[in-house]
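# Close look at the chain arrangement
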Amino acid sequence: MAIQDIRLFGDPVLRTPAAPVVDFDKELRTLVRDLFDTMRDAPGAGLAAPQIGVGLRVFTWWVDGELGHLVNPQLRLSAEQQEGDEGCLSIPGVVADTPRALRVVARGFDEHGEPVTIEGSELLARCIQHETDHLDGILFIDRLDKEARREALKAIRSAEWAGLPGPIVQVSPHATHGKGL
Ligand SMILES: [Zn+2]
């Protein structure tokens, strides 16, 4: 078991596009284990490799009791959208209604290099989009409209983990159901 430190907003690794995995080797399998361990410890619904400081296109999820991982994902999104709360383990305490595609078909590979296709809707679809964004250096606050984004940035600035004293402000009044991603 190897729980890694989760990188927080402001760390440049979160804004750096990750590289495709080329070698499906023992190190990749160790990375996947570390992602699982760190995600379950947090706990979170998903975790992408850049969030533990590794610039590779790998993420894990833990949604509706199902654990999964995907390497080098390629997404196909439904035109139909969903609304719902979203948060991020790298931006603790900040939650906002974030528009996402309702359904996703994700093609990629497992840790052994075998091709896999994951179909998800609702929370799993949201999670897969959120984690794939991490691989492109995109954060969920980038998906908000201008006003909501401004509120989120304000909450980040006043968050204790950002190095300043102040209360952690919830942007959305809705329950988060522990959906850190
Ligand atoms: Zn996240």
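Model, not experiment: these values are computed from the prediction. (Residues numbered from 1 in each chain as written. Predicted model: local features only at pLDDT ≥ 70, side-chain atom pairs only at ≥ 80, totals over all residues. Heavy atoms only, no water.)

### Things to note about helix α3 (residues 146-158)
End to end, α3 covers 19 Å across 13 residues, agreeing with the expected 18 Å (1.5 Å per residue, within 8%). Among the residues making up α3, those that are buried are Ala152, Ala155, Ile156 and Ser158. (Helix = DSSP H or I, 4+ residues; strand = E, 2+ residues; numbered from the N terminus. Expected span 1.5 Å × (residues − 1). Buried < 20%, exposed > 50% of the residue type's maximum accessible area, 1.4 Å probe, protein only.)

### A closer look at the nonpolar core
Formed by 16 residues in total, the largest nonpolar core has its most connected members in Phe59, Trp61, Val63, Leu70, Ile118, Leu124 and Ile128. When residues of this core are traced back to their parent elements, those giving at least two are β2 (58-63), β8 (103-109) and α2 (122-135). Not counting residues up to four positions away in its chain, the partners in contact with Phe59 are Leu35, Leu47, Ala48, Gly68, His69, Leu70, Pro73, Ile128, Glu131, Thr132 and Leu135. (Core = buried A, V, L, I, M, F, W, Y, C linked by side-chain atoms within 4.5 Å. Contact = heavy atoms within 4.5 Å.)

### Quick word on the packing of aromatic side chains
Applying the stated criterion across every chain yields a total of two aromatic pairs. Ring geometry for Phe59 and Trp61: centres 6.1 Å apart, planes at 50°, overall tilted. We classify Phe59 as buried; its relative accessible area is 0%. Note on Trp61: relative accessible area 6%, which makes it buried. The ring of Trp62 has Arg40 sitting right over it, with the charged end atom 5.0 Å from the ring centre. (Phe/Tyr/Trp six-rings, centres within 6.5 Å; stacked < 30°, edge-to-face > 60°. Lys NZ or Arg CZ within 6 Å of the ring centre and 35° of its normal.)

### A closer look at the pairing of strand β3 (residues 66-77)
Sheet analysis places β2 next to β3, joined by six bridges and oriented antiparallel. In the sheet register, Trp62 faces β3, and the bridge partner there is Leu67. Counting the residues that bridge the hairpin from β2 to β3 gives two residues, and of these Asp64 lies at a positive phi of roughly 50°. (Pairing = 2+ DSSP bridges.)

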